[in-house]
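Architecture and fold: a report
Each chain is listed here by its residues.
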Amino acid sequence: MTGRRDTRVQAAVRQAELPILHAYRLWFEHARKCVGCKSASKALDGCETGRELWGAYRRAYDGDAR
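Notes on the structure in this doc start here. Just so it is clear, the structure is predicted and the values come from calculations on it, not from any experiment.

1. A word on the packing of helix α2 (residues 19-33) against helix α4 (residues 48-62)
- Running from N to C, α2 and α4 point in directions that differ by 160 degrees, and their axes come no closer than 8 Å. In this view, α2 runs roughly antiparallel relative to α4, as classed from their interaxial angle. As for the relative orientation of α2 and α4, their crossing is left-handed in sense. Facing P19, I20, A23, Y24, L26, W27 and H30 of α2, the residues of α4 in contact are T49, G50, L53, W54, A56, Y57, A60 and Y61.

What follows is the structure, encoded as structure tokens:
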């Protein structure tokens, strides 16, 4: 019974997520699972997808909404 309510709350939180936090979360979730990104010491040393996600985060951090 509470599972459905928790799901709706999580969906509402994600809809209200700031662009910078959304971009960081996408990169973080990718980096946690990706073998290439896990072993990298810097975000820019990860796989191509990881670098793209990190670039999107940096653009959001700088205020550029592309």
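There is more to say after this.
2. Regarding the pattern of salt bridges
- Summed over all chains, the structure comprises three salt bridges.
- E17 serves as the salt-bridge partner of R25, at 3.1 Å between the closest nitrogen and oxygen.
- E17 gets classed as partly exposed once you look at its relative accessible area, which sits at 22%.
- Put simply, R25 and E29 hold a salt bridge, and the shortest N to O gap is 3.4 Å. Residue R25 and its partner E29 are located together in helix α2, separated by four residues, close to a single helical turn.
- By relative accessible area, which is 18% here, R25 ends up buried.
- One network of salt bridges, with partners in common, ties together E17, R25 and E29.

3. Examining the state of the cysteines
- Applying the stated rule across the entire model yields zero disulfides.
- Cysteine C37 remains unbridged, with the sulfur of C47 as its closest cysteine sulfur at 3.7 Å.

4. Considerations on the nonpolar core
- Ranked by size, the top nonpolar core spans eight residues in total: A23, W27, A31, C34, C37, A43, W54 and Y57.
- Among the elements that make up this core, the one with the highest residue count is α2 (three residues).
- When residues no more than four places from it in sequence are discounted, the contact partners of A23 are A56, Y57 and A60.

Reading the values: rules and limits
- Residues numbered from 1 in each chain as written.
- Predicted model: local features only at pLDDT ≥ 70, side-chain atom pairs only at ≥ 80, totals over all residues.
- Heavy atoms only, no water.
- Axes fitted to C-alpha atoms, helices over the stretch in contact; angles between N-to-C directions.
- Helix = DSSP H or I, 4+ residues; strand = E, 2+ residues; numbered from the N terminus.
- Parallel < 35°, antiparallel > 145°, perpendicular 65-115°, else oblique.
- Left-handed = near helix turned anticlockwise from the far one by under 90°.
- Contact = heavy atoms within 4.5 Å.
- Salt bridge = Lys/Arg side-chain N within 4 Å of Asp/Glu carboxyl O.
- Buried < 20%, exposed > 50% of the residue type's maximum accessible area, 1.4 Å probe, protein only.
- Disulfide = S-S within 2.5 Å.
- Core = buried A, V, L, I, M, F, W, Y, C linked by side-chain atoms within 4.5 Å.

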